[in-house]
Each structure stands twice: as structure tokens, then as C-alpha cells.
Amino acid sequence: MFLTCMETVTKELVSWMRGHESSVFSISVHASGRYAITTSSDTAQLWDLDTFQRKRKLNILQSVGIQKVFFLPLSNTILSCFKDNSIFAWECDTLSCRYQLPAPPESSSILYKVFAVTRDGRILAAGGKSNHLHLWCLEAKQLFRIIQMPARVRAIRHLEFLPDSFDAGSNQVLGVLSQDGIMRFVNIQTCKLLFEIGSLDEGISSSVISPHGRYIASIMENGSLNIYSVQALTQEINKPPPPLVKVIEDLPKSKLNSGDLKMKVTSGRVQRPARSRENRIQTRILKKDLTGSFENKENELSDGLNKKRLQILLKGYGEYPMKYRMFIWRSLLQLPENHTAFNSLEDKGVHVAFLNLQKKYPIKSRKLLRVLQRTLSALAHWSAIFSDTPYLPLLAFPFVKLFQNNQLICFEVVATLIINWCQHWFEYFPNPPINILSMIENVLAFHDKELLQHFIDHDITSQLYAWPLLETIFSEVLTREEWLKLFDNVFSNHPSFLLMTVVAYNICSRAPLLNCSLKDDFEYFFHHRNNLDISVVIKEVYRLMDTTPTDIHPDSMLHVFVALTKGQYPVFNQYPKFIVDYQTQERERIRNDELDYLRERQMVEDMQAEVDQQRVEDEAWYQKQELLRKAEETRRELLLQEEEKMVQQRQRLASVKRELKVKEMHLQDATRRRFLKLQQDQREMELRRLDDELERKVHMRDREIATTAKDLEMRHLELESQKRLYEKQNLIRNQEAVAKEMREDTDAYRRKVDLEEHMFHKLIETGQTQNQKTHKLIEENLAKAEQACLNADWRIQALHKQRCDDLQRSECYQEVARLLRENRRKETEVLNSMMGEEAKKWQEAEEKDFHLKSEKKASALSDASRKWFLQKEINDALEHAEHPYTKGVPRYQNGQVVSSCLSRTSQLNDISEADSSTCPSFSQRRIQWDTTERDLMERVRNLRQRLTVQTRNRCQTPHLLVT
């Protein structure tokens, strides 16, 4: 078996996790999301979700199976439940056993199948094949309650706690899905059935609750999916209870039957009509309620709420639900909502005392500042003392921020707070309320003498440890949630509760306060938030309310709660009127004095303004005259300057003309130089092109020489092989038979004829009419002559190769000498002037021209010599072909042919030497030699081609061989 981990956003496979041999039926993920536990029937495995590797594995005996292994919420504990009802708690990091829950009592022993844990991880609910539910306290590690479900429930299939937004994780409602397909929701504290979903006809197969507890999703047995709204299901439960007093009115025309409206009122709820025999009991209950309603009148609130029940709810949960808090506050404070009276106060506008409120209290939100300003102005218009109360903005700001969208409620809440919870605050105005601070100090002295003595030792009075908390109503030292939780309790109790809260705050903070010794530390402590649990403070307040003696208890000196009157607001004059009147008179006197001073200052300023105006006008007239005079002088100066400018412009114009002429001359000179440079560049380009052409020809000549040398070597090898063949034929001729000797002679003759055939192809064509005997004799003579010429050519090539080597060495020597002369010439040229350089350039051009002419002459001479030689050979060949015997055919032996070739070679050498003597330079001599050599090679190639053609023709006419 394996597990797959998928990415929810991209829907891609992240990893495979293998390790289970049986099917996995439970997966639990740690609150941090780093670890996960997978459970099967035989093992449980702990996975690291960062690396998707298995961290630990829980192995058990086969006889003891695993029921479920899961993480506890908001903790680092793993809870493992086995099929033998044993439950162990493990530490996630070390996997050490923390504790084991004891066995349940035998009277209610069940096999656990399903489990559920509250969000705070304190209560574990377990159930199985029974109608009993076991509730375990994991902190105390003991079974604290057994809940018996209705008789119709025989087995429990699923358990899940219903989350609530204001229960701080201690879930009180448990959903129980039984075998009949009905899911019942039970309060585990009161053990009452709240509501149920599903039915026998349409049962629930499985169910799950949303994380916020707003919806329940259920898969029904018929395959459908139902989603239930928890708010709609609990609407009847969360409704406020109806009033206990019911008014019964008579019908106008007929009497009421005593049995028609019989109601049984229990727990303040209206029941269905009862039977007539209960009429007497019902009458007594109604009478009792009517008489008791006068005694509990102060506990009855508007909108059908009861103060005692709200206090019980508050003590149970510690605070009111956020959703209903404002509704409960309005009911507790019994706000009259006097729209007309508030509008009359608001119509008076912003009070003069709060016109510059933003300077003293810079609030970022302009809306919040505007609401605060209007609320304070309304309070000041309601009672004059509030215009001089310096801490009123601090007192009202939390309520303004809370009720900023309803200014009427905000004003009435602050006014109710001042009337009830700020009693006797203004008797020592403008000083702090000494009487209230004395009450706080007496209570503190009774409950914590050590702390009070510490305050006295460090000269810390109640104006430092109590008054900052009162004048800001704890808004500086508490967060928003803590402050709301505190005032849930303040508005639900006697006005002395606020004073007791000050004492409790000091007592709960005694440890850090005892460590303080400087006055600045105390001031900082009571003006900033501290690490203090407000629930502990509230519990301490209730303890002080119950344990404080009556003689020093603040409730004996403070009146009970009094709501604002309906229609018009009450007159607030609980302050020393003479002080306020005196301050008002003084303020009025100061304002009148200030107005007189302002009027006098305005008159003085007006007179001063007139004097200043007259002085300004006089100064303006004098300045105008002075400006006119200066303008005249300025214009004269301008005329002089214009004349000077004209002269200067003329001078600049003349200078510009001269500069233009100079520039024109420079441009002409530059143009001339550019033209000369262009000509020079063209000549240099032409010289480079000629040099490239010479280099290309030299390269071609070298390549032809290399090719000829290779051909000569091949020819030398052929001659050597022929020589060896001839020697071998002479040796064999005396030993072999005549037939063999004739065949060898024929083969040797054919090889010789092949070399001459191409050269004498034309001669053969012109002499076809001659007889076969003359033709055979000519071919034999030609073969002999060709063999002699080949031998002479080989010797000539050998001599030529030696001469080429000599010429190359001489050329290298000449090149080195030329380089040396060139270097010396360049060194000399660098030192010479530009004129000498130009002369040398012209001299070099003349020399190259002379060189070019010499090369042309040598080339023309070579061409004429080659043409003469070829024409002569062709004429001789034609004449010999026409008259082979009339003029006489020279019959040369081998030596004679060689001597003839050598004489020709010597003639060519003489010609080349003569040419060399006539040419002044080495390059000219080299060109003449190359021309003669090329002519000789051309003749050799022509002879070779003729011999090849002749041999091919002979092979095509076999009767010649027979002849």
C-alpha cells in the first residue's frame, strides 16, 4: 500500500509514501503542518512532510490492533488508542510515553471505536457499540463524565465537536452519529439534546463539520449530499428567553373558558396548553411571578433579557459572544436612544474647547477624529464641566472607536458610564477624585499591605497607580479583546466593580511592581501594556467584591446603576459649581480681554498700515523719478554701446573675411594634397596588383617545375627499368629460344613505339601512301632517335636540376644581400627629408619601368626563339616524311643522338648566358632561363603525345606486327 501527496493548487503529484502493508483508514496532520501520522490495522507511521520520509514506525502485537492514532490539537502530543481500550499519550519529538489513561469502570466498560477531541485538547470523547459516551479530562487524566444516549441508540459510528467562535476552544457541543443514521448534538455540560439532523427514512452515512462551525456536510445513505446551517439549527436555542410575566386580557363579548388558556410556565418558556386539572397550580405560579416581578425588577432588562442569567452566562464563558455583545450592552445600560435630545446637542456644533482637538490628539482616521470631536462637543453642551475635563477624550475614545458608526449610542454609552461608573469623580475638580482614590487605597491596604507599603516607601501615590487606569478606563494597558472582555463584566455588575478592577490589576501585578524602585518605571508600567492575563484579573475582582468588608467596600459609597431618562437627558451637576462657574467667568473675562486686545491691536495695525501705505507711496514716487533718470542715462549708455558694437562688428567682419580666405587657401591646399595622395594611392595599388601578378606567375612556375621534376623522376625510373630489362634480355637471348627472343624484342619495340606515336601522328597521316617497308624503317629510326633523345633529356634535366639548385642558392644570396641593402636604404630614407623621399620614389618608379621593359624584351625574345624552333622542327618533319631518302635520312647512333642533344643544350645555355649578359638584373636572367626551359618541356610533351598516338594506331593494325 502507498500514499500519494498532491499539490492542491497545481493538482500535481508531489510524492509517493510507501510503507503500509494493509489499507490506511486514518490520517492525522500536526498543527504546524510538518508531520503526519497514517494508521492502518497493524501499524502507525510518522512522516516528515518536508522530506516525505518516514520518521518512526509503531509496531504492535497482532493480538492487539490499533484503533486510531492522531495528534492532539494545539499541542505536541500524539494519542494512540488500541483495541483493548488502552490509550497512551506520546511526545512527538522524542516519542517518549507521557502518560496512560486508566481503564474505564467495569459497570460502563465499552470497546472504543470512535474518538473526538476539543480544539483546546483538554477533553477526549470516546464511544463504541453502546449508548454510553465516555468523556476524559486529559489534564487530570481521568474519566469525569459518562453520558447515556437515548435508548434508540445502540452503537456510535462517529463523534465530532461543534466549534464555536467564543468558547476559546473548549467545545461544549458534541455531535454523535448513531447506527440509526441520526446525528444528535448534545451539550456535554448540561447533557441536553440541542438538535439533531437526519432521520430514519433518510439516514446519514458520514458527516463533517466546517472549521468555524457554521456548516455541517453530510453524505446520506441514498448517496445525496446535504449541507446544514448551524445558525439555522440553533436559532431557537440562541433566542432570548421570553418574559416570565404574561398579560391576560379579557375578550370584549364573551367570557373565557378556564381550560382554553391554561399554560404551564417552566424555566420561563411557553408550553403547549395544559389540562383543566392543572388550573389551580397555574394560577399560583402566575401569582407568584407577578409578586416576584417587583422584587426582581432591576434584573429585568429590555428586549426580554435577564441580568442574572446574563451574569451566569458571563461567569461560565468569561465574556459575551462577539455577535451579541453590542445588543447585550445596550440592554444592560438600558439606553433610551433619545434622538431628538441628541440632535439638539449635535446641532449646537463643535464646542470651542474642542476646535483644535487634532493638535493635541492627532488621529490618523479623519472619520474617527470627526466622531470623537462631535461626541465630546455634545458632552460639553450637555454639561459645562466636560469642556474643561482634560481626560475626557481618553475616557471616550474606546467607545467612539467601538460605536463610530452610531454616534447616538456612543454618546449615551459614554454619558451612562459617566453617571454611574464615574460617580464622585468631579467633586474635587479640577483635581483627581481624592475620595475615589482613597477608596481604592483602603481596599488595597486591606488585601495587600505589602504592596501598598512598597508604594509608600517609594513615594508612589494613588494618583500614579490608580488614576491613570481610571482616566483611560484601562484602554492603555489592555488590548481590544481584553478590554471588551473586561467591560462585559463591568457593565454587568455594580459600579464599584471598576474600582475593584484597579485594585485587582495592582494585586495581580504585584511581582513586577515590587521589583520597581524608580518613579519612571511605575509611570511606564501604568501607561503601557503588560504581560497579564485579564481572566485572572477578572477572577480577582470577583474575589475582592466578595471578601472586602462592608465598611471599606466601594458599593456602600456608590449608588446603584441608574439609566438615562427617556425623552430628555438628566441634568449633570455633580461637581463644584462655583469652581466651574469661576473658571467659566475667568474664561469669559479672558476671552473679553482678548477680544479688546484684538480690537486695539487691529486699530493699531490699521493705523500702521495707513502710515506704511503713505510711506510706500512716497518711496514709490521717488523711486519712479530715480528710475526715469536712470533710464535716460541707461539709454545714452546704450547708444554708446551700440556704436562700439558696430565698430567691433565691422572689425569682426573683416577678421571673418580674412579667416574665410585663409580657410579657402587651406581647403585648396588640402584638396591638392588629397588629389596627390589619391594618385599616389592609385599608383601604389597598381604596383601591388603587378606584384600580386608576379607572385602568382612565380607560384605557377614553381608548381610547373615541381611537376616536371616529378615527371623526370618517373622517367628516370622507367629508364632504369628499361635498362634492367635490356640487360636481362641480352642475358636471356643466348639461352632462350628464338621465338621467345622475338616476342621480347616485339614487346620492347612496342614500348618504344608508344612513346613516339603521338609526336609523329601527323607524319603517319601524311605518309599513309608510302609502302610498309619505308614506314617500318622510319619508325625504327624514330624509336632509336627517341630513345637517344630521352637519354639526352634525362641528362639535360639532371644538369638543369643542378643549375636550378645553383640559381636558388644564388637567389637566396641575392635576396639576403637585397634585404641588407633594403634595410640600409630604409635607415637612410628615414633620415632624409621629404624631398629626398620623393626623388627616390621617382627614381624607383623609373627603375621599375626599365625593369618592366627588360622583362618584356626577354619575353619577346623567348617567344621568337620558341616559335622558330617549333617551326623548324615541323618543317623538318614534314620534309622528311615526304622525301625520306632523296635528301638523306641521318642515321645516328645512340652516341650521336646524345651528342646532338648535348649540343642543343649547350646552344640553349649559350643563348641563356647571352641573354643574361644583356639583362642588367638577376630577375631578367631568371625569366629568360624559365622561358627556354618551358620551351624544352613543351617539345618533350609534344613528342610523348605523338609516340602515344602512333602506338595506339599500331595496336589497332595487327598486320604490321606480322610484317
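Quick note: structure is the one above.
Quantities reported herein were computed from a predicted structural model and do not represent experimental measurements.

1. Observations concerning the overall build of the chain
Alright, step 1. Of the regular secondary structure elements, the chain holds 27 helices and 21 strands.
Alright, step 2. Relative to its 963 residues, the chain shows a buried fraction of 36%.
Alright, step 3. A sequence separation of at least 24 residues applies to 59% of the contacts in the chain between residues at least 6 apart.

2. Some thoughts on the packing of helix α9 (residues 392–402) against helix α10 (residues 407–420)
Alright, step 1. Their axes nearest at 9 Å, the elements α9 and α10 cross at an angle of 130°. It follows that α9 is oblique to α10 by the angle criterion. Along this stretch, α9 crosses α10, giving a crossing that reads as right-handed. Together, L392, L395, A396, F399 and V400 of α9 and C410, V413, V414, L417 and I418 of α10 make up the contact between the two elements.
Alright, step 2. Split into classes, the residues belonging to the contact of α9 with α10 amount to ten nonpolar, no polar and no charged.

3. Looking at α9
Alright, step 1. In terms of burial, α9 is a largely internal element, eight of the eleven residues being buried.
Alright, step 2. Buried within α9 we find L392, P393, L395, A396, P398, F399, V400 and L402.
Alright, step 3. Taken together, the buried residues of α9 touch α5 (325–333), α7 (357–360), α8 (366–382), α10, α14 (467–471) and α15 (480–491).

4. Considering the pattern of salt bridges
Alright, step 1. Overall, the coordinates contain 25 salt bridges when judged by the stated rule.
Alright, step 2. Here R330 and E337 are joined by a salt bridge, their closest N and O atoms 2.4 Å apart.

5. Focus on the nonpolar core
Alright, step 1. Grouped together as the largest cluster of nonpolar side chains are 101 residues, with contacts concentrated most on W382, F399, L470, F474, W483, F487 and F491.
Alright, step 2. A per-element tally of this core places α10 first, with ten residues.
Alright, step 3. Residue contacts for W382: discarding those within four places in its chain leaves L345, F411, A415, I419, Y569, P570 and F572.

6. A word on the sheet that holds strand β15 (residues 156–162)
Consider a sheet: its strands pair through backbone hydrogen bonds, and that pairing is either parallel or antiparallel.
Alright, step 1. With antiparallel pairing, four strands are arranged side by side in an open sheet as β15-β16-β17-β18. Bordering the open sheet on either side are β15 and β18 (192–197), each of which pairs with just one other strand. Each adjacent strand pair in this sheet contributes to an overall mean axis angle of 25°, direction not counted.

7. What about a nonpolar patch on the surface?
Alright, step 1. Taken together, the side chains of F2, M6, L13 and W16 make up a nonpolar region of the molecular surface, amounting to roughly 410 Å² of accessible area.
Alright, step 2. Those elements that provide at least two residues to the nonpolar patch are β1 (2–6) and β2 (13–18).
Alright, step 3. Take M6: it is sitting in strand β1.

8. Some details on the sheet that holds strand β3 (residues 24–29)
Alright, step 1. One open sheet accounts for four strands, arranged β3-β4-β5-β6; its pairing is antiparallel. Two strands bound the open sheet, and with one partner strand each, they are β3 and β6 (53–59). The sheet shows a mean angle of 20° between the axes of neighbouring strands, direction not considered.
Alright, step 2. In terms of strand pairing, β3 meets strand β4 (residues 35–40) through five bridges, oriented antiparallel. Across the sheet, the residue bridging to V29 is A36, located in β4.

9. Description of the pairing of β6
Alright, step 1. Summarising the sheet, strand β5 (residues 43–48) and β6 pair through six bridges and their orientation is antiparallel. Counted as the bridge partner of L46 is R56 from β6.
Alright, step 2. Here β5 folds back onto β6 in antiparallel fashion, the turn holding four residues, of which F52 has a positive phi close to 55°.

10. A look at the pairing of β4
Alright, step 1. Within β4, six of the six residues are buried, which leaves the element mostly enclosed by the surrounding structure.
Alright, step 2. Neither face of β4 is left uncovered, since the one carrying Y35, I37 and T39 and the one carrying A36, T38 and S40 both have all their residues buried.
Alright, step 3. In textbook terms, the turn of a hairpin is the stretch between consecutive antiparallel strands, and for β3 and β4 this stretch comprises five residues, one of which, G33, has a positive phi near 80°.
Alright, step 4. Two elements, β4 and β5, share five bridges in a ladder whose sense is antiparallel. By the bridge assignment, T39 is partnered in β5 with A44.

11. Considerations on the packing of helix α11 (residues 434–447) against helix α12 (residues 449–457)
Working note: a packed helix pair is described by the angle between its axes plus the distance between those axes.
Alright, step 1. At a minimum axis separation of 5 Å, α11 and α12 run at an interaxial angle of 125°. As judged from the angle between their axes, α11 and α12 are oblique. Note on element contacts: α12 touches α11 through K449, L451, L452 and F455, opposite E441, L444, A445 and H447.
Alright, step 2. For the contact of α11 with α12, a count of residues per class yields five nonpolar, one polar and two charged.

12. Side note on the side chain of S218
Alright, step 1. By the secondary structure assignment, S218 is in strand β20 (residues 215–220).
Alright, step 2. For S218, a relative accessible area of 0% corresponds to the buried category.
Alright, step 3. A polar contact is formed between the side chain of S218 and the side chain of S207, at a distance of 3.1 Å.

13. Some thoughts on α12
Alright, step 1. Residues of α12 that are buried: L451, L452, H454 and F455. The buried residues of α12 occupy an angular sector of 155° when the element is viewed end-on, so they sit on one face. Seen from the buried face of α12, the exposed residues on the opposite side, beyond 90 degrees, are K449, E450 and D457.
Alright, step 2. For α12, the secondary structure elements touched by its buried residues are α11, α13 (462–465), α16 (496–508), α17 (510–514) and α18 (519–525).
Alright, step 3. Immediately beyond the C-terminal end of α12, within one or two residues, lies D459, with a positive phi of roughly 60°.

14. Details of the packing of aromatic side chains
Alright, step 1. The tally for this structure, following the rule as stated, stands at 29 aromatic pairs.
Alright, step 2. Ring geometry for F399 against W483: centres 5.2 Å apart, planes inclined by 70°, an arrangement best described as edge-to-face. Note that F399 is positioned in helix α9 and W483 in helix α15, a separation of 84 residues in sequence. The two residues F399 and W483 agree in class, both being buried.
Alright, step 3. Taken together, a centroid distance of 5.4 Å and an interplanar angle of 65° make the contact between F487 and F491 edge-to-face. A residue pair is termed a helical-turn pair when its members lie 3 or 4 positions apart in one helix, as F487 and F491 do in helix α15 at four residues.

15. Considerations on unusual backbone geometry
Alright, step 1. Its identity as a non-glycine residue notwithstanding, Q334 has a phi of 55°, on the positive side.
Alright, step 2. Relative to the assigned elements, Q334 resides in the loop between α5 and α6 (339–347).

16. A closer look at a positive patch on the surface
Alright, step 1. On the surface, R366, K367, R370 and R374 cluster together into a positively charged patch.
Alright, step 2. When you line up the elements, R374 lands in helix α8.
Alright, step 3. For R374, a relative accessible area of 38% corresponds to the partly exposed category.

Parameters at a glance
Residues numbered from 1 in each chain as written. Predicted model: local features only at pLDDT ≥ 70, side-chain atom pairs only at ≥ 80, totals over all residues. Heavy atoms only, no water. Helix = DSSP H or I, 4+ residues; strand = E, 2+ residues; numbered from the N terminus. Buried < 20%, exposed > 50% of the residue type's maximum accessible area, 1.4 Å probe, protein only. Contact = heavy atoms within 4.5 Å. Axes fitted to C-alpha atoms, helices over the stretch in contact; angles between N-to-C directions. Parallel < 35°, antiparallel > 145°, perpendicular 65-115°, else oblique. Left-handed = near helix turned anticlockwise from the far one by under 90°. Nonpolar A, V, L, I, M, F, W, Y, C, P; charged D, E, K, R; others polar. Salt bridge = Lys/Arg side-chain N within 4 Å of Asp/Glu carboxyl O. Core = buried A, V, L, I, M, F, W, Y, C linked by side-chain atoms within 4.5 Å. Pairing = 2+ DSSP bridges. Patch = residues over 30% accessible without salt bridge, like charges linked within 9 Å, V, L, I, M, F, W, Y side chains within 5 Å. Areas by Shrake-Rupley, 256 points an atom, 1.4 Å probe, with all protein chains shown as cover. Polar contact = N/O pair within 3.5 Å; in protein donor to acceptor, adjacent residues only side chain to side chain. Arc of directions from axis to C-beta. Phe/Tyr/Trp six-rings, centres within 6.5 Å; stacked < 30°, edge-to-face > 60°. Lys, Arg positive; Asp, Glu negative; His and termini not counted. Charge placed at Lys NZ, Arg CZ, Asp CG, Glu CD.

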